[in-house]
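Close look at the chain arrangement
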Amino acid sequence: PNGPFTRPHPALWRCVLGLSILYVLLLQFLIHQDYETIRSVIVWIDPKMENYTIDAEKEYGQDCWDITFDRLYSHLDWFAFGHYWGWGMKALVIRHYGILWSISIMWELTEMIFGHLLPNFYECWWDNMVLDVLICNGMGIFTGMQVCKFLEMREYKWESIKNINTASGKFKRAVLQFTPESWTHVRWLDPNSSYMRIIAIIQFMILWQMAELNTFFIKHIFPMPAEHPICVARILISGLISAPTIRQYYTYITDPLCKRVGTQLWVFIMIILSELILVIKFGLDLFSHTQISKMIIWFCLNIIVSTVGVIVSVEIYKYRHRSSSSKQSRSAEPPQEEEGDEDEVMTRFLNSAAESQEEEPRRRKVKLAS
């Protein structure tokens with residue numbers, strides 16, 4: 001079936017759906033293998049991974065009060081750019097400041113809670129809240145939302161390439177084929193929506209956190225560095241699949257005429273659950289150290305952060321709506337004279353009355369002469 005997008009061509013998004021189905025089948029195949037088989041496949045793809053261990057990864061949560069310029073600069077590594085670029089791409093598909101900031105803050109809380117299972121999740125407070133949330137994530141969100149704003153205001157003129165005579169014009173039109181045909185302004189949170197919208201946002205955030213966690217658990221259980229081609233390919237594939245998935249989910253929860261979710265959304269949910277099963281099966285020893293109390297806290301925090309994000313976003317929207325309505329009502333009212341100009345208005349009125357009185361005798365003389 002066709003996806004929600006038509007650029008650069010519907011066939012591309014059919015291929016994306018086919019790729020996601022193939023990935024689900026690959027995950028199901030890996031679930032039914034043993035650990036040594038999967039490790040041997042990874043080593044066969046990249047022999048360098050035979051002796052790689054997670055302990056070789058960079059530690060971020062040591063000597064947190066030793067704050068120097070050199071140390072801050074050393075943290076601006078490949079992961080910092082990944083934060084910026086990743087959140088810019090997330091902003092392009094989610095397109096809502098409230099939800100983006102809620103997910104960003106919730107992910108940092110998730111790293112703190114799951115640090116007892118994934119040691120590289122431990123980071124210093126300034127790395128979590130300043131470098132990650134405010135700088136890298138914040139700049140990425142802002143950049144992505146500015147691109148969305150530009151595309152919403154852009155005037156789309158799609159002329160057939162057959163009607164273009166110049167070679168440069170044909171080339172420009174071919175490049176434009178890879179830009180959106182149109183850009184829809186999304187509105188996740190309607191102030192008049194029911195509580196079901198809040199539940200939908202909570203579901204969205206929990207699934208998002210699970211997809212992010214799967215990334216780190218997979219590379220931890222099957223030891224690989226974050227920049228390994230397998231990890232990068234999985235992230236790129238997930239990002240490509242998530243674009244039509246989020247669009248279908250948004251349509252389902254906001255359009256009353258949409259009665260069922262799209263195929264791509266179902267496949268993406270299957271991907272998340274299949275990766276979760278794969279992680280749990282081969283990470284039983286790791287998950288045996290799970291602290292149930294922290295898992296309950298994590299689940300409750302997802303609900304709290306999602307609900308607070310929804311409430312704050314709705315209140316901000318109502319405030320902006322009231323401000324814009326008051327400005328429109330003021331512009332619709334007729335202009336009124338200021339109090340300081342009353343004397344000037346009265347003087348003009350008296351002068352005009354005196355001029356009319358002087359003009360009246362002249363009119364009578366002219367009338368008698370005629």
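Please read all numbers here as calculations on a predicted model, not as lab measurements. (Residues numbered from 1 in each chain as written. Predicted model: local features only at pLDDT ≥ 70, side-chain atom pairs only at ≥ 80, totals over all residues. Heavy atoms only, no water.)

A look at a nonpolar patch on the surface
A contiguous nonpolar surface patch, about 910 Å² in accessible area, is contributed by Trp65, Ile67, Met112, Trp125, Met129, Val130, Leu134, Ile135 and Met139. Among the elements that take part in the nonpolar patch, helix H6 (residues 125-153) stands out by supplying six residues, more than any other. Mapped onto the fold, Ile135 is located in helix H6. Assessed through its relative accessible area of 34%, Ile135 is described here as partly exposed. (Patch = residues over 30% accessible without salt bridge, like charges linked within 9 Å, V, L, I, M, F, W, Y side chains within 5 Å. Areas by Shrake-Rupley, 256 points an atom, 1.4 Å probe, with all protein chains shown as cover. Salt bridge = Lys/Arg side-chain N within 4 Å of Asp/Glu carboxyl O. Helix = DSSP H or I, 4+ residues; strand = E, 2+ residues; numbered from the N terminus. Buried < 20%, exposed > 50% of the residue type's maximum accessible area, 1.4 Å probe, protein only.)

A word on the side chain of Asn214
With respect to the secondary-structure elements, Asn214 resides in helix H8 (residues 195-221). The contact partners of Asn214, leaving out residues within four places of it in the chain, are Arg234, Ile272, Glu275 and Leu276. (Contact = heavy atoms within 4.5 Å.)

Points about the pattern of salt bridges
Applying the stated rule across the entire model yields two salt bridges. Two residues, Lys90 and Glu212, come together in a salt bridge whose shortest N-O distance is 2.8 Å. Of this pair, Lys90 sits in helix H4 (residues 78-94) while Glu212 sits in helix H8, and the two are 122 residues apart along the sequence. The residues Lys90 and Glu212 share a single accessibility class, namely buried. Where Glu275 meets Arg234, a salt bridge forms, and the shortest distance between an N and an O atom there is 2.8 Å. Of this pair, Glu275 sits in helix H10 (residues 263-282) while Arg234 sits in helix H9 (residues 229-254), placing them 41 residues apart in sequence.

Let's talk about the nonpolar core
With 64 residues, the main nonpolar core has Ile94, Ile103, Phe114, Phe204, Phe217 and Phe222 as its most contacted residues. Considering each element in turn, this core owes the most residues, 13 residues, to H8. (Core = buried A, V, L, I, M, F, W, Y, C linked by side-chain atoms within 4.5 Å.)

Notes on the packing of aromatic side chains
Per the counting criterion, the structure on display carries nine aromatic pairs. Between the aromatic rings of Phe114 and Trp298, the centroid separation amounts to 5.6 Å while the plane-to-plane angle is 85°, which identifies the pairing as edge-to-face. Taken together, the residues span a long stretch of sequence, with Phe114 in the loop between helix H5 (97-113) and H6 and Trp298 in helix H12 (residues 292-332) at a distance of 184 residues. As far as the burial class goes, Phe114 and Trp298 line up, both buried. Relative to Tyr249, the ring of Phe204 lies with its centre 5.9 Å away and its plane at 15°, an arrangement referred to as stacked. Residue Phe204 is found in helix H8, and its partner Tyr249 is found in helix H9; the two are separated by 45 residues along the sequence. Each residue in the set Phe114, Phe217, Phe287 and Trp298 is aromatic and connected to the rest through ring pairs, giving one cluster. (Phe/Tyr/Trp six-rings, centres within 6.5 Å; stacked < 30°, edge-to-face > 60°.)

Details of H10
For H10, spanning 20 residues, the distance from its first C-alpha to its last is 29 Å, which sits close to the expected 28 Å at 1.5 Å a residue. Next to the buried residues of H10 lie helix H1 (10-31), helix H2 (35-45), H8, H9 and helix H11 (284-287). (Expected span 1.5 Å × (residues − 1).)

A short note on unusual backbone geometry
The backbone of Arg95 sits at a positive phi, close to 60°, despite the residue not being glycine. Within the secondary structure, Arg95 sits in the loop between H4 and H5.

Examining the confidence of the model for the protein
For the protein, per-residue confidence averages 77 on the pLDDT scale, and 74% of positions sit at 70 or higher. Confidence drops under pLDDT 50 across residues 153-161; counting only partners more than four residues distant or on other chains, this segment forms 18 contacts. Low pLDDT, under 50, characterises residues 366-370; the predicted model gives this stretch zero contacts beyond four residues in sequence or across chains. (pLDDT = per-residue confidence, 0-100.)

Quick word on the packing of H8 against H10
Helix-helix packing: each pair is described by the crossing angle between the helix axes and the interaxial distance. Here H8 crosses H10 at 40°, and the two axes come no closer than 9 Å. Relative to H10, the element H8 is oriented oblique. Where H8 crosses over H10, the handedness of that crossing is left-handed. On H10, the residues touching Leu207, Met210, Ala211, Asn214, Phe217, Ile218 and Ile221 of H8 are Ile272, Leu273, Glu275, Leu276, Val279 and Phe282. (Axes fitted to C-alpha atoms, helices over the stretch in contact; angles between N-to-C directions. Parallel < 35°, antiparallel > 145°, perpendicular 65-115°, else oblique. Left-handed = near helix turned anticlockwise from the far one by under 90°.)

Description of H1
Helix length check: H1 (22 residues) gives 32 Å between terminal C-alpha atoms against 32 Å at 1.5 Å per residue, within 8%. Every buried residue belonging to H1 is among Trp13, Val16, Leu17, Ser20, Tyr23, Val24, Leu27 and Ile31, and all of these are buried. All buried residues of H1 project into a common sector of 115° when viewed along the axis, lining one side. Opposite the packed face of H1, turned more than 90 degrees from it, sit the exposed residues Cys15, Leu22 and Leu25. Structurally, H1 contributes buried residues whose contacts are with H9 and H10. (Arc of directions from axis to C-beta.)

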